[in-house]
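# Analysis of the macromolecular model
Okay, here's what each chain looks like letter by letter:
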Amino acid sequence: MTLSLSSPATTAEFAAYYRLRYEVLRQPWGQPEGSERADDDRAPATVHAMATAPDGRVAGVARLSPAGPDQAQVRFMAVAPEWQGQGVGRQLLHYLEANARRGGIREVVLHAREAAVPFYARRGYALVAPSHTLFGRIPHFLMRKAL
Ligand SMILES: CC(C)(COP(=O)(O)OP(=O)(O)OC[C@H]1O[C@@H](n2cnc3c(N)ncnc32)[C@H](O)[C@@H]1OP(=O)(O)O)[C@@H](O)C(=O)NCCC(=O)NCCS
């Protein structure tokens, strides 16, 4: 099925974007609504990406934000359970990396959940080092990719 990749723009699109981010990345760990939002989500340089199915449902979301003079960070990558394993994550990363290249970014970094490390490795990200543990339960690993 063909997905549409775009940046959310309207209030309704942002609501759907944050809902999926919450349902995939926060709700399963008993975190309250609102915990899926970050202060720098609204920064002008932050790029939000969403993959939308033809029926209008959001299949996946992710964001890219500045992390240094020529470095950016991918965060909050979330694909709806019924869409996982069908290339949505790959398309979201491609969308964000293309955006980063256009902006002169030379390196993308991210903190991957342990279960997602193989996904990022398939997309060319190298493991750098273990990083934080989220909610006391989810080990993360710093990864990076030169663009
Ligand atoms: C991790 C996640 C973003 C991957 O997105 P996805 O849409 O399911 O992955 P895709 O279908 O685009 O997979 C792309 C490639 O990675 C591989 N891949 C995906 N998940 C994998 C996994 N857990 N282990 C090994 N390979 C994996 C696929 O086989 C595919 O390989 P290919 O390019 O050779 O065809 C998604 O499963 C997800 O949201 N998981 C739950 C939340 C999460 O962990 N988010 C990441 C936080 S850092």
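Residues numbered from 1 in each chain as written. Predicted model: local features only at pLDDT ≥ 70, side-chain atom pairs only at ≥ 80, totals over all residues. Heavy atoms only, no water.

Labelled according to an unreviewed UniProt entry, the protein appears under the name N-acetyltransferase domain-containing protein, originating from Hymenobacter fastidiosus.

## Looking at the packing of aromatic side chains
Within a pair of aromatic rings, the relevant descriptors are the distance that separates the centres and the angle that separates the planes. Scanning the model with the defined rule gives five aromatic pairs in all. With centroids separated by 5.3 Å and ring planes inclined at 85 degrees, the aromatic side chains of tyrosine 17 and tyrosine 18 adopt a geometry described as edge-to-face. Among the residues examined, tyrosine 17 registers a relative accessible area of 0% and is labelled buried. Considering the side-chain rings of phenylalanine 119 and tyrosine 120, the 4.9 Å spacing of their centres and the 65 degrees angle between planes classify their relative orientation as edge-to-face. Here tyrosine 120 falls in the buried class, since its relative accessible area comes to 7%. Site record: aromatic cluster; members linked through ring pairs are Phe14, Tyr17 and Tyr18. Positioned above the aromatic ring of phenylalanine 76, the side-chain terminus of arginine 21 is 3.8 Å from the ring centre. The cationic tip of arginine 113 hangs over the ring face of tryptophan 29; the distance from NZ or CZ to the ring centre is 4.7 Å. (Phe/Tyr/Trp six-rings, centres within 6.5 Å; stacked < 30°, edge-to-face > 60°. Buried < 20%, exposed > 50% of the residue type's maximum accessible area, 1.4 Å probe, protein only. Lys NZ or Arg CZ within 6 Å of the ring centre and 35° of its normal.)

## Here's the deal with the pattern of salt bridges
Per the stated rule, a full pass over the model turns up ten salt bridges. The salt bridge involving arginine 63 is made with aspartate 41; its shortest N-O contact spans 2.7 Å. Residue arginine 63 is found in strand 3 (residues 58-68), and its partner aspartate 41 is found in the loop between helix 1 (11-25) and strand 2 (47-52); the two are separated by 22 residues along the sequence. Assigned by exposure class, arginine 63 and aspartate 41 land together as buried. The closest approach of N and O atoms between lysine 145 and glutamate 97, which form a salt bridge, is 3.1 Å. Remark: glutamate 97 occurs in helix 2 (residues 88-102) and lysine 145 occurs in strand 7 (residues 138-146); sequence separation between them is 48 residues. Among the residues examined, lysine 145 registers a relative accessible area of 14% and is labelled buried. Classification of glutamate 97 by relative accessible area gives buried; the value is 6%. Bridged by salt links that share partners, the residues Arg21, Asp40, Asp41 and Arg63 form one connected network. (Salt bridge = Lys/Arg side-chain N within 4 Å of Asp/Glu carboxyl O. Helix = DSSP H or I, 4+ residues; strand = E, 2+ residues; numbered from the N terminus.)

## Description of the sheet that holds strand 1 (residues 4-6)
Spatial strand order, 1-2-3-4-5-7-6: seven strands in an open sheet with mixed pairing. Both outer strands of the open sheet, strand 1 and strand 6 (126-134), are each paired with one neighbouring strand and no more. For this sheet, the mean inter-axis angle between neighbouring strands, taken without regard to orientation, is 25 degrees. Relative to strand 7, strand 5 (residues 107-113) runs antiparallel, the two sharing seven bridges. Within strand 7, the position partnered with valine 108 by the bridge is lysine 145. (Pairing = 2+ DSSP bridges. Axes fitted to C-alpha atoms, helices over the stretch in contact; angles between N-to-C directions.)

## Digging into helix 2
With 15 residues, helix 2 extends 21 Å from end C-alpha to end C-alpha; this agrees with the ideal 21 Å at 1.5 Å per step. Of all the positions in helix 2, only Val88, Gly89, Leu92, Leu93, Leu96, Glu97 and Ala100 are classed as buried. Projected down its long axis, helix 2 shows its buried positions confined to an angular sector of 160 degrees, all on one face. More than 90 degrees from the buried face of helix 2, the exposed residues found are His94 and Arg102. Taken from the residues just after helix 2, glycine 104 is the one with a positive phi, measuring 85 degrees. (Expected span 1.5 Å × (residues − 1). Arc of directions from axis to C-beta.)

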